[in-house]
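Structure at a glance
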Amino acid sequence: MSTNRIGHLDPNLIAVCGGALSAALALFPLKFSIISFLITYFAALPLFFVGLCWGFYRLLLGALVAFGIFSARAGMHAGLVFLITTLAPAFLIVYRFQKGDPAGYIVSWVTGLTIAIFLGVLLVLSAYSVNVLDLLRSWFSFFADEQAFRNLHEQIIPLLPGISSISWIIMCLVNASLAQRLAVKGHLTQRPYPLPQDSQLYENWDLVLAAGLLLILTDISLFAFMGKNIALMSCVPLFLVGLKVVYAWLKQFDNPKFWVAGVIFMSIFLVWPAMFIVMFGILEPTARLSQRWTPNKS
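The structure contained in this document is the topic of the report that follows. Worth saying up front: this structure is predicted, and the values here are computed from it rather than measured.

1. Thoughts on the layout of surface pockets
The space that makes up the second largest pocket amounts to roughly 2000 Å³. As for the second largest pocket, its lining consists of 47 residues, of which Val-81, Thr-85, Trp-139, Ser-164 and Trp-168 are closest to the centre. Contributing elements (two or more residues each) for the lining of the second largest pocket: helix H3 (34-41), helix H6 (76-98), helix H7 (103-127), helix H8 (132-140) and helix H11 (160-185). Residue classes in the lining of the second largest pocket are distributed as 35 nonpolar, 11 polar and 1 charged.

2. Comments concerning the packing of aromatic side chains
Under the counting rule described, the total for this entry stands at 14 aromatic pairs. With centroids separated by 5.5 Å and ring planes inclined at 45°, the aromatic side chains of Phe-37 and Tyr-41 adopt a geometry described as tilted. Of this pair, Phe-37 and Tyr-41 both sit in helix H3, 4 residues apart, which is roughly one turn of that helix. Look at Phe-258 and Trp-259: their rings are 5.5 Å apart centre to centre, the planes differ by 75°, and that puts the pair in the edge-to-face class. The rings of Phe-56, Tyr-57, Phe-91 and Tyr-95 are connected pair by pair, giving a single aromatic cluster.

3. Let's talk about helix H2 (residues 11-26)
Taking 1.5 Å as the rise per residue, H2 with 16 residues should run 22 Å; its terminal C-alpha atoms sit 22 Å apart, in good agreement. Turning to H2, its buried residues are Ile-14, Ala-15, Gly-18, Gly-19, Ser-22 and Ala-23. Down the axis of H2, the buried set is contained in an arc of 170°. They therefore lie on one face.

4. Section: H11
Compared with the 38 Å implied by 1.5 Å per residue over 26 residues, the 38 Å span of H11 between its first and last C-alpha is a close match. Following H11 by one or two positions, His-187 adopts a phi angle in the positive range, close to 55°.

5. Regarding the environment of Ile-170
Residue position: Ile-170 is located in helix H11. Counting along the chain gives 59 residues from Ile-170 to Thr-111, while the straight-line C-alpha distance between them is 9.8 Å.

6. Concerning the pattern of salt bridges
Pairing of side chains with opposite charge becomes possible as their charged atoms draw close. Counting across every chain of the model gives 3 salt bridges. Close ionic contact of Asp-101 with Arg-96 constitutes a salt bridge, the shortest N to O distance being 2.8 Å. On the accessibility criterion, Asp-101 (10% relative accessible area) is buried. Residues Glu-284 and Arg-288 are paired through a salt bridge, measuring 3.8 Å at the closest nitrogen-oxygen approach. The exposure class assigned to Glu-284 is buried, which follows from its relative accessible area of 3%. Overlapping salt bridges bring together Glu-203, Glu-284 and Arg-288 as one network.

7. Points about the packing of helix H5 (residues 56-74) against H6
Interaxial distance between H5 and H6 falls to 9 Å at its minimum, and their mutual angle equals 170°. In terms of axis orientation, H5 runs roughly antiparallel to H6. The two elements H5 and H6 meet at a crossing, and its hand is right-handed. Mapping the contact onto sequence places Phe-56, Leu-59, Leu-60, Ala-63, Ala-66, Phe-67, Phe-70, Ser-71 and Ala-74 in H5 and Met-76, Ala-78, Gly-79, Leu-80, Phe-82, Leu-83, Leu-87, Ala-90, Phe-91, Val-94, Tyr-95 and Gln-98 in H6. Across the contact of H5 with H6, the residue classes break down as 18 nonpolar, 3 polar and no charged.

8. With respect to the packing of H7 against H11
Two numbers describe how H7 lies on H11: the axes approach to 10 Å, and their chain directions differ by 140°. Like other packed secondary-structure pairs, H7 and H11 cross with a definite hand, here right-handed. On H11, the residues that touch Val-107, Val-110, Thr-111, Leu-113, Thr-114, Ile-117 and Phe-118 of H7 are Pro-161, Ser-165, Trp-168, Ile-169 and Leu-173. Residue composition of the contact of H7 with H11, by class: 9 nonpolar, 3 polar and no charged.

9. Observations regarding the state of the cysteines
Summed over the entire model, instances satisfying the criterion amount to 0 disulfides. In this structure Cys-17 is a free cysteine whose sulfur lies 14 Å from that of Cys-53, the closest cysteine sulfur available. With a relative accessible area of 45%, Cys-17 lands in the partly exposed category.

10. Section: unusual backbone geometry
The omega torsion of the bond from Tyr-193 to Pro-194 falls at -5°, within 30 degrees of zero and hence cis. Structurally, Pro-194 is set in the loop between H11 and helix H12 (205-217). If you check the backbone angles, His-187 has positive phi at about 55° while not being a glycine. Of note, His-187 is situated in the loop between H11 and H12. Despite not being glycine, Arg-288 has its phi angle at roughly 50°, a positive value.

What counts as what
- Residues numbered from 1 in each chain as written.
- Predicted model: local features only at pLDDT ≥ 70, side-chain atom pairs only at ≥ 80, totals over all residues.
- Heavy atoms only, no water.
- 1 Å grid on protein atoms, 1.4 Å probe; cavity = no way out; pocket = protein on both sides within 12 Å on 5 of 7 lines; lining within 4 Å.
- Points joined across faces, edges and corners; volume = space filled by probe spheres on them.
- Helix = DSSP H or I, 4+ residues; strand = E, 2+ residues; numbered from the N terminus.
- Nonpolar A, V, L, I, M, F, W, Y, C, P; charged D, E, K, R; others polar.
- Phe/Tyr/Trp six-rings, centres within 6.5 Å; stacked < 30°, edge-to-face > 60°.
- Expected span 1.5 Å × (residues − 1).
- Buried < 20%, exposed > 50% of the residue type's maximum accessible area, 1.4 Å probe, protein only.
- Arc of directions from axis to C-beta.
- Salt bridge = Lys/Arg side-chain N within 4 Å of Asp/Glu carboxyl O.
- Axes fitted to C-alpha atoms, helices over the stretch in contact; angles between N-to-C directions.
- Parallel < 35°, antiparallel > 145°, perpendicular 65-115°, else oblique.
- Left-handed = near helix turned anticlockwise from the far one by under 90°.
- Contact = heavy atoms within 4.5 Å.
- Disulfide = S-S within 2.5 Å.

Set out below in structure tokens:
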């Protein structure tokens, strides 16, 4: 169906269909194959598309349909997880997008939501006297027999929430970006994407990282656990700030976007490039490296 024909359909009908499709994608059985992974990875895409094209209230309608179908099929507890992990970021991103926030600011909003959810879940579990580390160890024990995980057992367990949160943040942003590009291509939105101001970023996440490090230094197991994961999550916006610095320096060469793509690709598979970029993001608010390293236009 062409985008012109979609634009003439009833938005409420599209919202209902989008919610049903989102639930169907989320309920797709995982069989540890690349196809099933990709299908569930883009479960939120229909909801983002509905919200970014027809507004927040159409998104709310689609989300109610998706939540109802998912909860009826998977149970109420799984439905709550679906609400937190899929519907909540969709509400936040669409709402902030309609408020006119640049895409870079929305990254910080999603990261803040992730930290808030992490602390909220931790608070609820602590209220019920649940030891989070023991819970993670019991979950990780399913993979402990694998040789690749055996040596990383104690080192990786305290960082599991932060690692999974970073993956979740990237998934939400990828779905939202793809939905907006489809909306622009179909002439279903009034806001072009990307705009020059979309590169604007909140640069004060170094303070959040410092707070996480201070929690680690308390040497209290719960606070150290919180600090490690908060510091890890704060690296997402800091990475983008550092990437902006790297891009400013690469402007002296031909095809800087090509080199930035190479740096991002290296950061996915290697740790040290990502660490250097995050370090640049920490230094940027005070040292203004992007201004210092930008080639002189004259």
